[in-house]
Amino acid sequence: MAVSDKRLIYQNDEGGISIVIPMDESGLTLEEIKEKDCPSGKTVYTVDKSEIPTDRSFRDAWTYTE
């Protein structure tokens, strides 16, 4: 499965959700991208890109529950 089919999400310091969009061209695994691009000490979830809402109208109100 391509890494671009996944998203890495975590709660940022402002209380919102940050979303990291991996690129296949990076040549990195999801774990390597997580290590490189997500802050240490945060719980980072890997989800399918289809789980991310496409309507960005209320994106500041997005939450994630495992």
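Thresholds applied
- Residues numbered from 1 in each chain as written.
- Predicted model: local features only at pLDDT ≥ 70, side-chain atom pairs only at ≥ 80, totals over all residues.
- Heavy atoms only, no water.
- Phe/Tyr/Trp six-rings, centres within 6.5 Å; stacked < 30°, edge-to-face > 60°.
- Helix = DSSP H or I, 4+ residues; strand = E, 2+ residues; numbered from the N terminus.
- Buried < 20%, exposed > 50% of the residue type's maximum accessible area, 1.4 Å probe, protein only.
- Salt bridge = Lys/Arg side-chain N within 4 Å of Asp/Glu carboxyl O.
- Pairing = 2+ DSSP bridges.
- Contact = heavy atoms within 4.5 Å.
- Polar contact = N/O pair within 3.5 Å; in protein donor to acceptor, adjacent residues only side chain to side chain.

The tally for this structure, following the rule as stated, stands at one aromatic pair. Look at Y45 and Y64: their rings are 4.9 Å apart centre to centre, the planes differ by 50 degrees, and that puts the pair in the tilted class. Separated by 19 residues along the polypeptide, Y45 in strand β3 (residues 45–48) and Y64 in the segment after β3 bring together distant segments of the chain. Judged by its relative accessible area of 24%, Y45 falls in the partly exposed class.

Per the stated rule, a full pass over the model turns up three salt bridges. The partner of D48 in a salt bridge is K6, and the shortest N-O contact between them spans 2.5 Å. With D48 in strand β3 and K6 in strand β1 (residues 6–11), the pair connects residues that are 42 residues apart, well separated along the chain. With a relative accessible area of 19%, K6 lands in the buried category. Two residues, D37 and K36, come together in a salt bridge whose shortest N-O distance is 2.8 Å. Relative accessible area serves as the criterion here: at 36%, D37 is assigned to the partly exposed category.

Attention now moves to the pairing of strand β2 (residues 17–20). Only one face of β2 is buried: it carries S18 and V20, and the other face, with I17 and I19, is open. The pairing of β1 with β2 spans four bridges and is classified as antiparallel. Residue pairing across strands places Y10 opposite S18, the latter belonging to β2.

A few words now on the environment of Q11. Take Q11: it is sitting in strand β1. Linking Q11 and V44, residues 33 residues apart in sequence, is a C-alpha distance of 8.1 Å. Here Q11 is in contact with G16, I17 and K42, once residues within four sequence places are set aside. A polar side-chain atom of Q11 sits 3.5 Å from the main-chain carbonyl oxygen of G15.

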